[in-house]
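Okay, here's what each chain looks like letter by letter:
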Amino acid sequence: MNNLIKYMIVLAFVTIAGAMFGYIGFYNYSFFDSLYKSFQLFALGSSEFPEQSMCINFARFLAPIVTVCIGAQLIHSVARNGWRKICLGLMRNHIIVCGCGFTGKNIVDNAIFKKKVVVIDPILKEYNSLNKVLISEDATDIKTLIEAQVKRASQIIIATGDDYINLLIYKHVSNLNLPNLEIKVRIEKIENQDSLNDLIDSKSKSTYTAFNFSELAVDSLKPIDASNIIILGSGSIGSRLVK
């Protein structure tokens, strides 16, 4: 939920509480009568109310503002999600990227992609681009992949930072048995490559390629004279360079 809507909802409760305090304290209304009167404050163009209570006047001032702000945000949200569904419905031969961290974002931003791109990332809330559609959901849920029109995609790149999540997404996609889909899955740990091989179904019509970010980084550094490289750390990239 949008943060502004959350704040407006809290402000609405404060407005109702203030109005009820005024109606009960100054006009001896019952609890339910004061609640009903308080809700009436949110109806634009409602009739005039007594002005002797400062609490009620304050609530009368806040109520229309809260109503307009929440209404505008809801309209914006519905329009935005509707537009996203329209864009997804028109997708054909597009690329799906699961995970938009360091690796995924570099893939998405790569200039070689002239096709439409669907980005799936549960943490990312916005992606400012005309030819990219963001789905802020979990890619391990098959419903999310279906929403991304995986059945009409030409390629899916599974690039989250967790090998096990990548393997799970790969399993879901491969089970769909899509003949025109190319699957690229990121596997960082060598031992997890065996897990991927175990998941591969010989009957699957989809083609797959495993890639490793560390190996890609090492390959990009190979043309450089080793004597000119200072290696700090012996992680997955450093250890491969030393070899």
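Residues numbered from 1 in each chain as written. Predicted model: local features only at pLDDT ≥ 70, side-chain atom pairs only at ≥ 80, totals over all residues. Heavy atoms only, no water.

> How should the pattern of salt bridges be read in this particular structure?
Pairing is possible between side chains of opposite charge, provided their charged atoms come close. All chains considered together, the criterion is met by 1 salt bridge. A salt bridge links Glu188 to Arg186, with the nearest nitrogen and oxygen atoms 3.0 Å apart. Per residue, the accessibility class of Glu188 equals that of Arg186, and both read buried. (Salt bridge = Lys/Arg side-chain N within 4 Å of Asp/Glu carboxyl O. Buried < 20%, exposed > 50% of the residue type's maximum accessible area, 1.4 Å probe, protein only.)

> Any chance you could explain unusual backbone geometry here in plain terms?
Peptide bonds are, in most cases, trans, and in most cases residues other than glycine have a negative phi. With phi around 55°, Asn28 is a residue other than glycine that occupies positive phi space. For Asn28, the position within the fold is in the loop between helix H1 (3-27) and helix H2 (31-40). Although it is not a glycine, Asn93 adopts a positive phi angle of roughly 50°. Note on placement: Asn93 falls in the loop between helix H3 (54-89) and strand E1 (95-98). (Helix = DSSP H or I, 4+ residues; strand = E, 2+ residues; numbered from the N terminus.)

> I keep staring at the nonpolar core and nothing clicks. Help me out?
Nonpolar side chains tend to gather and get buried jointly when the protein is soluble and globular. Ile96, Cys98, Val118, Ile120, Leu145, Ile156 and Leu181 are the most contacted members of the largest nonpolar core, which has 25 residues in total. Those elements giving two or more residues to this core turn out to be E1, strand E2 (117-120), strand E3 (132-135), strand E4 (155-158), helix H6 (163-175) and strand E5 (182-186). Looking at this core, the element that brings in the most residues is H6, giving 4 residues. Not counting the four nearest positions on each side in its chain, Leu145 is found in contact with Cys98, Ile120, Ala139, Val150, Ile156, Ile169, His172 and Val173. Counting 13 residues, the second-largest nonpolar core is a separate cluster that includes Leu41, Phe42, Ile56 and Val66. (Core = buried A, V, L, I, M, F, W, Y, C linked by side-chain atoms within 4.5 Å. Contact = heavy atoms within 4.5 Å.)

> I keep staring at the environment of Glu182 and nothing clicks. Help me out?
Its location among the elements puts Glu182 in strand E5. Spatially, the C-alpha atoms of Glu182 and Ile95 are 9.5 Å apart, while their sequence positions differ by 87 residues. When sequence neighbours within four positions are dropped, the list of residues in contact with Glu182 reads Ser154, Gln155, Ile156, Thr207 and Thr209. Separated by 3.0 Å, the side chains of Glu182 and Gln155 make a polar contact. (Polar contact = N/O pair within 3.5 Å; in protein donor to acceptor, adjacent residues only side chain to side chain.)

> I would appreciate a short explanation of the packing of aromatic side chains in the present structure.
What describes a pair of aromatic rings is the distance from one ring centre to the other and the angle between the planes of the rings. All chains considered together, the criterion is met by 3 aromatic pairs. When the ring of Tyr23 is compared with that of Tyr29, the centres are 5.3 Å apart and the planes differ by 0°; the resulting orientation is stacked. With a relative accessible area of 30%, Tyr29 lands in the partly exposed category. Considering the side-chain rings of Tyr27 and Tyr29, the 6.3 Å spacing of their centres and the 50° angle between planes classify their relative orientation as tilted. (Phe/Tyr/Trp six-rings, centres within 6.5 Å; stacked < 30°, edge-to-face > 60°.)

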